[in-house]
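A structural walkthrough
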Amino acid sequence: MNLKLSFRGLSFILAIWLVLSCESEDVSGIVQLKDHEYMPLKGGLYRIYAITETEYVNGPEGESTNYQLKLEITDSIPAANGYFTYVIERSTRPSPDQPWVPAETWSALFNEREAVLQEGNISFVKLALPLSADRSWDGNRYNAYGEEMYTLGLFAQPLRIGNTNFIDAIEVIQKNDTDPIVGNDVRTEIYVRGIGLVSRKVETIVYCSNSQSCIGQQIIESGVIKEQVLIEHGRL
């Protein structure tokens, strides 16, 4: 009788262990999949952005341009461990009624550790796994620009951009240096689960400092302010 109870008890414990192990693996898989969904990579996926860019060359009178940018995944190349490097064709047009003009070709790889985007010949680590509220990583790990730590500002939060509400968004703060005397270097990107990049902001400006009358007045001498907002996405 005791032997039967012991055997049954052991069997029960073993069954629980197997269930918990399976549940743990399933949960781990879901989390991993969810992280990858912040930058979906599949053939035929495309995204169209509205771009507003103001360039300052010699003083505060900047020159602004508005145009559209299209990113389309057109091919994939097998990489290590069963992953793929995806070819991204970039094209632009000045307005919706104009034809797309090819610009350049980038590539992206999202493996079990990180999402790497190669912009021309320069690679940047856009996301690092596992994602969490306190996650940070070196975005310049694979280039010669020197260490630059990216951090997450928002993590899995609802967010409204323009007239669109998103349920699950993360904000990657690439740089957040502001100086009322020297200038600003602020760069952020927002990714939404199931869509990818929905917003990018860049503000790299230098303030006037060549005379006492302009020091500390935050008069822009040179630089760029750029905003990129998603307006359409899908799969061809």
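Structural notes, computed from the coordinates. (Residues numbered from 1 in each chain as written. Predicted model: local features only at pLDDT ≥ 70, side-chain atom pairs only at ≥ 80, totals over all residues. Heavy atoms only, no water.)

Reported here for the largest pocket is a volume of approximately 530 Å³. Residue lining of the largest pocket: 28 residues in total, with Trp106, Glu119, Lys126, Glu189 and Arg200 positioned closest to the centre. There is about 290 Å³ of room inside the second largest pocket. Lining the second largest pocket are 14 residues; nearest its centre among them are His36, Met39, Pro40, Leu41 and Lys42. Of all the secondary structure elements, the ones that give two or more residues to the lining of the second largest pocket are helix 1 (2–36) and strand 3 (84–93). The residue inventory of the lining of the second largest pocket, partitioned by class, reads nine nonpolar, two polar and three charged. (1 Å grid on protein atoms, 1.4 Å probe; cavity = no way out; pocket = protein on both sides within 12 Å on 5 of 7 lines; lining within 4 Å. Points joined across faces, edges and corners; volume = space filled by probe spheres on them. Helix = DSSP H or I, 4+ residues; strand = E, 2+ residues; numbered from the N terminus. Nonpolar A, V, L, I, M, F, W, Y, C, P; charged D, E, K, R; others polar.)

Our focus in this paragraph is the side chain of Ser199. Take Ser199: it is sitting in strand 12 (residues 196–207). Dropping the residues within four chain positions of it, Ser199 is found in contact with Ile161, Thr188, Glu189, Ile190 and Gln228. (Contact = heavy atoms within 4.5 Å.)

What follows is about the pairing of strand 3. One ladder, built from ten bridges, connects strand 2 (residues 63–78) with strand 3; its direction is antiparallel. Counted as the bridge partner of Gln68 is Arg93 from strand 3. Counted between consecutive antiparallel strands, the loop separating strand 2 from strand 3 contains five residues, among which Asn81 sits at a positive phi close to 60°. Looking at chain direction, strand 3 and strand 4 (residues 101–110) are connected through eight bridges and run antiparallel. Within the sheet, the bridge partner assigned to Glu89 lies in strand 4 and is Thr105. (Pairing = 2+ DSSP bridges.)

One pass over the structure, following the stated rule, counts 14 salt bridges. A salt bridge links Glu104 to Arg90; its shortest N-O distance comes to 3.6 Å. Taken together, the residues span a long stretch of sequence, with Glu104 in strand 4 and Arg90 in strand 3 at a distance of 14 residues. Residue classification places Glu104 among the partly exposed residues on the basis of a relative accessible area of 37%. Of the charged contacts in the structure, one is a salt bridge between Arg113 and Glu112, with a shortest N-O distance of 3.0 Å. On the basis of relative accessible area, Arg113 is assigned to the partly exposed category, the value being 41%. Taking relative accessible area as the criterion, Glu112 reaches 29% and is therefore assigned partly exposed. Taken together, the shared-partner salt bridges in this structure form one network comprising Glu148, Lys175, Asp177, Asp185 and Arg187. (Salt bridge = Lys/Arg side-chain N within 4 Å of Asp/Glu carboxyl O. Buried < 20%, exposed > 50% of the residue type's maximum accessible area, 1.4 Å probe, protein only.)

Attention shifts here to empty space enclosed by the protein. What the rule picks out here adds up to one cavity of 30 Å³ or more. Approximately 50 Å³ is the volume found for the largest cavity. Forming the boundary of the largest cavity are Leu41, Leu45, Tyr46, Arg47, Leu71, Glu72, Ile73 and Ile88. Breaking the lining of the largest cavity down by element, the ones donating at least two residues are strand 1 (45–56) and strand 2.

Another point: the packing of aromatic side chains. Counting across every chain of the model gives three aromatic pairs. For the ring pair Trp137 and Tyr150, a centre distance of 6.0 Å and an interplane angle of 70° mean the geometry is edge-to-face. Taken together, the positions of Trp137 in strand 7 (residues 136–138) and Tyr150 in strand 8 (residues 149–152) put the pair 13 residues apart, joining distant regions of the chain. Neither Trp137 nor Tyr150 differs from the other in exposure class; each is buried. (Phe/Tyr/Trp six-rings, centres within 6.5 Å; stacked < 30°, edge-to-face > 60°.)

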